[in-house]
Amino acid sequence: MRPSMYAIGVDSGTQGTKVLIVDFKGKVRGRGFAPHRSIENLPPGSSEQDPWTWIGALEQALAQALKEAKINPQDIVSMGVGGQQHGFVPLGKEGTPLRPAKLWNDTSTLEETEIIIERLGGAKKFIEKLGTSLAVGYTASKILWLKRHEPHNYRKLWSVLLPHNFLNYYLTGKCQMEYGDASGTGLMDIRKRAWHREAIASIDQELEAKLPPLLHPSQPLGYMREEIVSHFEMRKVLVSSGGGDNMMGAIGTANVSPGVCTLSLGTSGTIYSYFPEPFCDPEGEIAAFCDSTGGWLPLLCTMNVTNTTEFFKAAFNLSNQELERRALKARPGAEGLLFLPFLDGERVPVLPFASGVFFGLSRQNFNPSEMARAVMEGTILNLGYGFSRMRSLGLKPAEIRATGGGAKSRLWLQIVADIFKTPVITLKEQEAAAFGAALQSIWNYFKEKGEDVKIEEIAKESVKKDKLAAEPRPENFALYDAYQERFNSLWKTLKEEFHLHKKALEKTRG
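Quick caveat: nothing in here was measured; it's all calculated off a predicted structure.

S.K.: Residue-level account of a positive patch on the surface, with values.
M.R.: On the surface, Lys25, Lys428, Lys464 and Lys467 cluster together into a positively charged patch. Relative to the assigned elements, Lys467 resides in strand E23 (residues 465–470).

S.K.: Can you tell me about empty space enclosed by the protein, naming the residues and giving the values?
M.R.: Per the stated rule, a full pass over the model turns up one cavity of 30 Å³ or more. Every residue along the wall of the largest cavity is listed here: Leu58, Glu59, Leu62, Tyr170, Leu171, Ile228 and Phe232. For the lining of the largest cavity, the secondary structure elements donating two or more residues are helix H1 (51–69) and helix H6 (163–172). For the lining of the largest cavity, the element with the most residues is H1, which contributes three residues. Taken together, the residues that form the lining of the largest cavity break down as six nonpolar, no polar and one charged.

S.K.: I'd love a proper account of the packing of aromatic side chains, names of residues and values included.
M.R.: What describes a pair of aromatic rings is the distance from one ring centre to the other and the angle between the planes of the rings. Applying the stated criterion across every chain yields a total of 13 aromatic pairs. Plain terms: the ring middles of Phe275 and Phe279 are 5.0 Å apart, the flat faces sit at 75 degrees to each other, and that makes the pair edge-to-face. Phe279 sits in the buried class, given a relative accessible area of 3%. On the numbers, 6.2 Å between centres and 70 degrees between planes, the contact of Phe342 with Phe487 is edge-to-face. Of the two residues, Phe342 is situated in the loop between strand E19 (338–340) and strand E20 (357–359) and Phe487 in helix H17 (residues 477–509); the sequence distance between them amounts to 145 residues. The burial state of Phe342 is the same as that of Phe487; both residues are buried. Connected via pairs of aromatic rings, a cluster forms that spans Phe24, Tyr445 and Phe446.

S.K.: Which residues make up the packing of helix H10 (residues 245–252) against helix H15 (residues 432–448), and what values do they have?
M.R.: In a packed pair of helices, the relevant descriptors are the angle between the two axes and the axis-to-axis distance. The geometry of H10 relative to H15 is characterised by a closest axis approach of 6 Å and an angle of 75 degrees between their N-to-C directions. The pairing of H10 with H15 is recorded here as roughly perpendicular in orientation. Counting all contacts with H10, which are made through Asp245, Met248, Gly249, Ile251 and Gly252, the residues of H15 involved are Ala432, Ala433, Phe435, Gly436, Ala437, Leu439 and Gln440. Split into classes, the residues belonging to the contact of H10 with H15 amount to seven nonpolar, four polar and one charged.

S.K.: Can you lay out helix H16 (residues 455–462) for me, pointing to particular residues and giving the numbers?
M.R.: By the burial criterion, the buried members of H16 are Ile455, Ile458, Ala459 and Ser462. Summarising the axial view, the buried residues of H16 lie within an arc of 95 degrees, below the 170-degree limit, and thus occupy one face. In this structure, the buried residues of H16 make contact with H10 and H15.

S.K.: Could you give an account of the pattern of salt bridges, naming the residues involved and the relevant values?
M.R.: Using the criterion set out here, one finds 24 salt bridges in the structure. Taking the shortest distance from any N to any O, the salt bridge between Asp106 and Lys102 comes out at 3.1 Å. Its relative accessible area of 0% is what places Asp106 among the buried residues. Since its relative accessible area comes to 1%, Lys102 is described here as buried. Among the ionic pairs, Lys502 bridges to Glu506, the shortest N-O distance being 3.8 Å. Here the residue Lys502 and the residue Glu506 both occupy positions in helix H17, the gap between them amounting to four residues, near one helical turn. On the basis of relative accessible area, Glu506 is assigned to the partly exposed category, the value being 47%. Several salt bridges share partner residues, and in doing so they unite Glu48, Arg99, Lys102, Asp106 and Glu150 into one network.

S.K.: Explain unusual backbone geometry to me, and be specific about the residues and the numbers.
M.R.: Omega for the peptide link from Val348 to Pro349 comes to 0 degrees, which places this bond in the cis form. Positive phi is not limited to glycine here, since Glu335 has a value of about 55 degrees. Mapped onto the elements, Glu335 comes out in the loop between helix H12 (320–328) and E19. For Glu335, a relative accessible area of 33% gives the class partly exposed.

Rules behind the numbers
- Residues numbered from 1 in each chain as written.
- Predicted model: local features only at pLDDT ≥ 70, side-chain atom pairs only at ≥ 80, totals over all residues.
- Heavy atoms only, no water.
- Patch = residues over 30% accessible without salt bridge, like charges linked within 9 Å, V, L, I, M, F, W, Y side chains within 5 Å.
- Areas by Shrake-Rupley, 256 points an atom, 1.4 Å probe, with all protein chains shown as cover.
- Salt bridge = Lys/Arg side-chain N within 4 Å of Asp/Glu carboxyl O.
- Lys, Arg positive; Asp, Glu negative; His and termini not counted.
- Charge placed at Lys NZ, Arg CZ, Asp CG, Glu CD.
- Helix = DSSP H or I, 4+ residues; strand = E, 2+ residues; numbered from the N terminus.
- 1 Å grid on protein atoms, 1.4 Å probe; cavity = no way out; pocket = protein on both sides within 12 Å on 5 of 7 lines; lining within 4 Å.
- Points joined across faces, edges and corners; volume = space filled by probe spheres on them.
- Nonpolar A, V, L, I, M, F, W, Y, C, P; charged D, E, K, R; others polar.
- Phe/Tyr/Trp six-rings, centres within 6.5 Å; stacked < 30°, edge-to-face > 60°.
- Buried < 20%, exposed > 50% of the residue type's maximum accessible area, 1.4 Å probe, protein only.
- Axes fitted to C-alpha atoms, helices over the stretch in contact; angles between N-to-C directions.
- Parallel < 35°, antiparallel > 145°, perpendicular 65-115°, else oblique.
- Contact = heavy atoms within 4.5 Å.
- Arc of directions from axis to C-beta.

Right, here's the structure in full:
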């Protein structure tokens, strides 16, 4: 690798854009950040942003990163963009968005999702045909929503882009999708890595012509437009295929070979792992994606992790350090106290009407320390249901690489290691998506130059482990196995009660 050459890595997320300047040995030289503004006062369930907001944030964050890096901009040779998945940027012939982008967390398209699934023969048939399920947030339902609710804009539709594709289009003037991000549209056969004509036709027979070509993620998009290059005093910058934020996060944690799992402990929780062959869940609980290296990336997502501890901390006026100190006073299992962390409902297991539950309160555990530990254990037991399903479908985890705010807690890492019976490590570079985007662009650069450098080699050399880690403790296995069984039994028992409770609340408030 050549340290005098540099790559730009971009993570364009819901809250803002992060930019890293990375040398070809994997050292971060500069960082930048700029926030995004969402459109306010929308109808319930809608979540939208103006795509031009992302452009402004990218330029601002890149300027900051270049200033901090203190390098010659002409030594930058590649750039990669990761973006929030499942969004929809409807592009007109003039190359400008026809309306604001509907984001991944937009649930206003529930009816359209159900229509598409029904037209393909139901949920089971949809999975059989495409190798994946169709979640409410996926792009397909947003396209049908545009056709049904804004036909004047749909008639002008020239191209369907995802958020990272729109940034790539701005940078190069080219429309293209790679396998990883495209696999989250609900329009792609993830096993064949090709557009699925029947799924597309369920929206519109003419839609296929408006979908960009699918290319292998090792193929770069092209070179950055001269106007942008000259503005930042760069010379010639190759723009890689990029991908979704989870796909870039996989590369940024060196999750590019079997056995490595990436765990994100943020407001929500995600676990994903590289597979060299298609991974399909016949029940549709585990999201089936392609990755952005040419493999596949099954992904589990739960909705409740650090949001639960944030509420707990606020209730008892605790800092992160005080929360961990209190929880450490309690033994594993919190004296029989179980916590179901469904404060925002839940995606896996499918419990949209669920709420949080403390179960098993007694004189021995009705105190802040036991409750703090139960809250932390509950978030991982919740992930444990889906993780067990991934294992039953072929996952053989050798190591978990933890990121996100929860990964700073030694106790949380230990709970993960004990419940999953797998070693857990942390990484020196926590901005995994932006870092992965930079590494992918380095890979694309070498490919473009005719050098046969594998993404595994780049990731192995660049991704460095940190000191914070946890080894599984066998003495806790039997306890947590029993707790996992009770946790699963409890939410299944309460499934109907959750629904009735929500109805009763609505009646009371109404």
